[in-house]
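The lines below spell out each chain.
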Amino acid sequence: MAFMKRYVSLDVLRGLTVAMMIVVNNPGSWSRIYPPLRHASWDGCTPCDLVFPFFLFCVGVSMTFALARYQGLEKEALKKIFKRGALLYLVGLALAAFPFYPSVSSLDPELSYGQNYLKWLSEIRLLGVLPRIAMCYVAASVLALWLRCGRKLWTAIGVLSLLHVGLLVLFAGPEGAFSLEGNFARTLDLAVLGDGHMYHGYHNAEGIQVAFDPEGFLGVLTGTCTVLLGYLAGSMIRRTAPMEASCRLYTYAALSLLAGLVISIWIPVNKPLWSVSYVFWSGGWAMFVLAFLIYMIDVRGVETPFFPFKALGMNALALFVMSGLLMNLNWRYFHWDYTSVFGSSEGMSLLFALLYMLFHLAVAVFLYRKKIFIRL
């Protein structure tokens, strides 16, 4: 018998994840980021590197409840899935392109405005956090409705993982399959998107900027695995009493973390590539945190301290988009440099990030009190 009660812990985990996403994406000073909030430069996993896979894991858990009424690849289900996926992608693209014209400082005086506009269009990043969520959500939803059986979904995770590793190894450049410049993920994105539409935040050993998109196409394979881990966890939660669900999740978390460690002997834990070892390592931590929240909130009833994050979890994507939009507005129109108030020390950088997150937390509580829930 399925337990259809709404787990408050799921909303809290989603809210905590978005709160951390806001903190990580908006430091007070990009040159003096508080060390635990830095991403690993390439291989490795910092607390910051767990935030995005936590959200994809939450997407998978929520899918379990959202798709429960469908019996397979029904037309209505597919229409809903692809519509939501398209909306998520377009919102992400709009956020990257906002305010939809080049800034004055970027205009080349030797070109006409039309030429400058075409140049700006050629440099818009086409992938990112929301596009990655969209693609993984669509792929995982279709697989979940098609395969349905837990064993078949584990097989799908295995196939996707092997395909990801196989492509990286078979088409590796001379620098190495899991290196910044030699990985096939970069080769694929360059061929499909071109240099201009990719992320340019990575540097090679010589300090030269290299086009590489951490939310590229190949990572959709393993990103989908992260969503499916959440879906499998959610399937267990739906049919299990909270106490038993918490205990099982602790066990699954330990096994997933162990799998990640063992696989990392051959395949490094690497967020930019979304490596297979990273899938199980980050998935294990997501299960661990969810198990703790289920025990504290749904078993013991300790909900009050977590209420602000529950409110944020009910408007998760909307508040995440808002956090990015406000920063874009600031840099485009107001040019307020927060280091002028908070300074550029690591401690003050953290303080600004926390205050910015608390502002969005307050907005989330206000929306919740007004019963306003914005769905994407």
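Described in the following lines is the structure provided in the data block. (Residues numbered from 1 in each chain as written. Predicted model: local features only at pLDDT ≥ 70, side-chain atom pairs only at ≥ 80, totals over all residues. Heavy atoms only, no water.)

## Re the pattern of salt bridges
Item 1. Across all of its chains, the model carries seven salt bridges by this definition.
Item 2. Where Asp-213 meets Arg-125, a salt bridge forms, and the shortest distance between an N and an O atom there is 2.6 Å. One end of the pair, Asp-213, is in the loop between β2 (209-210) and α8 (219-238); the other, Arg-125, is in the loop between α4 (113-121) and α5 (129-147), with 88 residues separating them in the sequence.
Item 3. Asp-213 gets classed as buried once you look at its relative accessible area, which sits at 1%.
Item 4. Ionic pairing is found between Glu-303 and Lys-310, a salt bridge with its closest N-O pair at 3.2 Å.
Item 5. You can call Glu-303 partly exposed: its relative accessible area is 29%.
Item 6. The buried category is assigned to Lys-310, whose relative accessible area is 14%.
Item 7. Salt bridges sharing partners connect three or more residues here, namely Arg-125, Asp-213, Glu-215 and Lys-271. (Salt bridge = Lys/Arg side-chain N within 4 Å of Asp/Glu carboxyl O. Helix = DSSP H or I, 4+ residues; strand = E, 2+ residues; numbered from the N terminus. Buried < 20%, exposed > 50% of the residue type's maximum accessible area, 1.4 Å probe, protein only.)

## Structural notes on the nonpolar core
Item 1. If you look at the biggest cluster of nonpolar residues, it comprises 114 residues, and the most contacted ones within it are Phe-57, Met-63, Ile-133, Leu-249 and Leu-290.
Item 2. Of all the elements, helix α10 (residues 276-299) adds the most residues to this core, at twelve residues.
Item 3. Once you skip the residues sitting within four places of it in the chain, Ile-133 turns out to touch Phe-52, Phe-55, Leu-56, Val-59, Leu-88 and Leu-317. (Core = buried A, V, L, I, M, F, W, Y, C linked by side-chain atoms within 4.5 Å. Contact = heavy atoms within 4.5 Å.)

## Observations regarding the packing of aromatic side chains
Item 1. Counted under the stated rule, the structure contains 14 aromatic pairs.
Item 2. A centroid spacing of 5.5 Å and a plane angle of 85° characterise the contact between Tyr-202 and Phe-212, whose relative ring orientation is edge-to-face. Of this pair, Tyr-202 sits in strand β1 (residues 202-203) while Phe-212 sits in the loop between β2 and α8, placing them ten residues apart in sequence. Like Tyr-202, the residue Phe-212 is buried in the burial classification.
Item 3. Ring centres of Trp-274 and Tyr-278 lie 5.0 Å apart, and the angle between their planes is 90°; this geometry places the pair in the edge-to-face category. For the pair Trp-274 and Tyr-278, a shared accessibility class is recorded, and that class is buried.
Item 4. Of note, Arg-84 hangs over the ring of Tyr-137, and the distance from its end group to the ring centre comes to 5.1 Å. (Phe/Tyr/Trp six-rings, centres within 6.5 Å; stacked < 30°, edge-to-face > 60°. Lys NZ or Arg CZ within 6 Å of the ring centre and 35° of its normal.)

## Quick notes on helix α11 (residues 307-314)
Item 1. The buried fraction of α11 amounts to seven of the eight residues, a majority that puts the element mostly inside the structure.
Item 2. Inspection of α11 places Phe-307, Phe-309, Lys-310, Ala-311, Leu-312, Gly-313 and Met-314 among the buried residues, and these make up the whole buried set.
Item 3. The inward-facing, buried residues of α11 contact α1 (8-25), α12 (316-334) and α14 (346-369).

## Here we look at the state of the cysteines
Item 1. As enumerated under the stated definition, the model contains zero disulfides in all.
Item 2. Summary of cysteine pairing: Cys-48 is not part of a disulfide, and the nearest cysteine sulfur, belonging to Cys-45, is at 9.2 Å.
Item 3. With a relative accessible area of 2%, Cys-48 lands in the buried category.
Item 4. Unpaired in this structure, Cys-136 has its nearest cysteine sulfur neighbour in Cys-225, at a distance of 9.0 Å.
Item 5. Under the relative-accessibility criterion, Cys-136 is labelled buried at 0%. (Disulfide = S-S within 2.5 Å.)

## A closer look at the side chain of Asn-270
Item 1. Mapping Asn-270 onto the fold places it in the loop between α9 (242-263) and α10.
Item 2. Excluding its chain neighbours within four sequence positions, the residues that come into contact with Asn-270 are Trp-42, Asp-43, Ser-275 and Tyr-278.

## Observations regarding unusual backbone geometry
The phi angle of most residues is negative, glycine excepted, and most peptide bonds adopt the trans form.
Item 1. Positive phi values are uncommon outside glycine, yet Arg-148 reaches one of about 60°.
Item 2. Looking at where Arg-148 falls in the secondary structure, it is placed in the loop between α5 and α6 (150-170).
Item 3. Here Lys-371, not a glycine, exhibits a phi torsion of approximately 60°, which is positive.
Item 4. The residue Lys-371 is located in the segment after α14 in this model.
Item 5. With a relative accessible area of 67%, Lys-371 lands in the exposed category.

## What to know about the packing of α9 against α10
Item 1. Taken N-terminus to C-terminus, the directions of α9 and α10 make an angle of 160°; their axes are 7 Å apart at the nearest point. When the axis of α9 is compared with that of α10, the two are roughly antiparallel. Helix-helix and strand crossings are classified by hand; for α9 and α10 the assignment is left-handed.
Item 2. Residue composition of the contact of α9 with α10, by class: 22 nonpolar, six polar and one charged. (Axes fitted to C-alpha atoms, helices over the stretch in contact; angles between N-to-C directions. Parallel < 35°, antiparallel > 145°, perpendicular 65-115°, else oblique. Left-handed = near helix turned anticlockwise from the far one by under 90°. Nonpolar A, V, L, I, M, F, W, Y, C, P; charged D, E, K, R; others polar.)

## A word on a positive patch on the surface
Item 1. Together, Arg-69, Lys-80, Arg-84 and Arg-375 make up a positively charged patch on the protein surface.
Item 2. Position of Arg-69 among the secondary structure elements: in the loop between α2 (51-66) and α3 (75-97). (Patch = residues over 30% accessible without salt bridge, like charges linked within 9 Å, V, L, I, M, F, W, Y side chains within 5 Å. Areas by Shrake-Rupley, 256 points an atom, 1.4 Å probe, with all protein chains shown as cover. Lys, Arg positive; Asp, Glu negative; His and termini not counted. Charge placed at Lys NZ, Arg CZ, Asp CG, Glu CD.)

## A closer look at the packing of α5 against α6
The geometry of a pair of packed helices is captured by two quantities: the angle between their axes and the separation between those axes.
Item 1. At a minimum axis separation of 9 Å, α5 and α6 run at an interaxial angle of 140°. One way to sum up the angle between α5 and α6 is to call them oblique. You can see that α5 and α6 cross each other, and the crossing is right-handed. Residues Leu-143, Ala-144 and Leu-147 of α5 form the contact with α6, whose own contacting residues are Lys-152, Leu-153, Ala-156 and Leu-160.
Item 2. The residue inventory of the contact of α5 with α6, partitioned by class, reads six nonpolar, no polar and one charged.

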